[in-house]
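Analysis of the macromolecular model
Read off the chains here:
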Amino acid sequence: MLTKIQQMARFVNVLRCWLVMVSVVALGNTIQSFRDHSFLSDKLYTGSPEFVNGLQARTFGIWTLLSSIVRFFCALDIQNKTLYHITLWTFVLALGHFISEAFIYKTAPLTVGVMAPLLVASFSIVGMLIGYRCITKSQEFTSDQKKRQ
């Protein structure tokens, strides 16, 4: 039977793997955004494909690349609370963006192409909130252990 600390450590390791996977997928989306901007009008912004152009696609690509880099480095240094918070905000911003495009601006109807980032952002936010609790508890446990020595 795993102890509470071992369970939290396992969860944090799963979260780190998740962040790497999401980062790699985002890198692929970045490349696609630079390679062919019709990717965005065909998969995401199907409600108003006329708004998608090369400039918008490259801007989306840079935003996605920055998110990918932040998430990857958070996976490497998950104990860094500042980086952890910034990474959490990348998911909050992504969720806000896709919700607003779907429900306010109506440029991104709820297709598979839009549901995927909504689900990834939502699950990531929940996972990171749980992970934050695990990390802080783990750090408290480690400092308590050092005090006892």
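Below is a summary of the structure that appears in this document.

The rules behind each value
- Residues numbered from 1 in each chain as written.
- Predicted model: local features only at pLDDT ≥ 70, side-chain atom pairs only at ≥ 80, totals over all residues.
- Heavy atoms only, no water.
- Helix = DSSP H or I, 4+ residues; strand = E, 2+ residues; numbered from the N terminus.
- Buried < 20%, exposed > 50% of the residue type's maximum accessible area, 1.4 Å probe, protein only.
- Contact = heavy atoms within 4.5 Å.
- Areas by Shrake-Rupley, 256 points an atom, 1.4 Å probe, with all protein chains shown as cover.
- Lys, Arg positive; Asp, Glu negative; His and termini not counted.
- Charge placed at Lys NZ, Arg CZ, Asp CG, Glu CD.
- Expected span 1.5 Å × (residues − 1).
- Polar contact = N/O pair within 3.5 Å; in protein donor to acceptor, adjacent residues only side chain to side chain.
- Phe/Tyr/Trp six-rings, centres within 6.5 Å; stacked < 30°, edge-to-face > 60°.
- Axes fitted to C-alpha atoms, helices over the stretch in contact; angles between N-to-C directions.
- Parallel < 35°, antiparallel > 145°, perpendicular 65-115°, else oblique.
- Left-handed = near helix turned anticlockwise from the far one by under 90°.
- Core = buried A, V, L, I, M, F, W, Y, C linked by side-chain atoms within 4.5 Å.
- Patch = residues over 30% accessible without salt bridge, like charges linked within 9 Å, V, L, I, M, F, W, Y side chains within 5 Å.
- Salt bridge = Lys/Arg side-chain N within 4 Å of Asp/Glu carboxyl O.

**Points about the overall build of the protein chain**
Counting its regular elements, the protein chain contains five helices and zero strands. Secondary structure elements of the protein chain, listed N to C terminal, follow the sequence α-α-α-α-α. Taken over 149 residues, the protein chain has a buried fraction of 36%. Within the protein chain, counting contacts between residues at least 6 apart in sequence, those at least 24 apart form 69% of the total. Total accessible area computed for the protein chain in this model is approximately 9,000 Å², and 67% of it derives from carbon and sulfur atoms. Considering the protein chain, the positive charge centre built from 14 side chains and the negative charge centre built from 7 side chains are found 12 Å apart.

**A closer look at helix α4 (residues 81-104)**
Here α4 spans 33 Å end to end across 24 residues, near enough to the 34 Å set by a 1.5 Å rise per residue. Restricting attention to buried positions, one finds in α4 the residues L83, Y84, T87, L88, T90, F91, A94, L95, F98, S100, E101 and A102. Near the N-terminus of α4, the side chain that reaches the backbone nitrogen of T82, with its oxygen 3.1 Å away, is that of N80. Just beyond α4, the residue with positive phi is K106, at close to 60 degrees.

**Some words on helix α1 (residues 4-35)**
Helix length check: α1 (32 residues) gives 47 Å between terminal C-alpha atoms against 46 Å at 1.5 Å per residue, within 8%. Those residues of α1 that sit buried are M8, V12, L15, L19, V22, S23, A26, T30 and S33.

**With respect to the packing of aromatic side chains**
For the coordinates displayed, the defined rule picks out four aromatic pairs. Their ring planes at 90 degrees and their centres at 6.3 Å tell us that Y45 and F60 sit as a pair that is edge-to-face. In this pair, Y45 sits in the loop between α2 (38-43) and α3 (54-76) while F60 sits in helix α3, placing the two residues 15 residues apart along the sequence. Side by side, Y45 and F60 carry an identical accessibility label, which is buried.

**A word on the packing of α1 against α3**
Contact pair α1 / α3: the axes reach a minimum separation of 8 Å and the direction vectors enclose 160 degrees. With respect to each other, α1 and α3 are oriented roughly antiparallel. Judged by the sense of rotation from one axis to the other, the crossing of α1 with α3 is left-handed.

**Comments concerning the environment of L118**
Assignment of secondary structure puts L118 in helix α5 (residues 112-148). Note on L118: relative accessible area 9%, which makes it buried. Sequence separation of L118 and H97 is 21 residues, and the distance between their C-alpha atoms is 9.3 Å. If we skip the residues at most four places from it in the chain, L118 touches L95, F98, I99 and L110.

**Focus on the nonpolar core**
With 30 residues, the main nonpolar core has L19, L40, Y45, I78 and M128 as its most contacted residues. Elements that contribute at least two residues to this core include exactly α1, α2, α3, α4 and α5. Counting residues per element, this core draws most heavily on α5, which supplies seven residues. In contact with L19, not counting residues within four places along its chain, are R71, C74, A75, I78, T87, F91 and M128.

**A closer look at a nonpolar patch on the surface**
Judged by side-chain polarity, I99, F103, I104, Y105, L110, M115, L119 and F123 come together as a nonpolar surface patch covering roughly 830 Å² of accessible area. For L110, the location among the structural elements is in the loop between α4 and α5. Under the relative-accessibility criterion, L110 is labelled partly exposed at 46%.

Function cannot be read off these values alone, since they describe shape.
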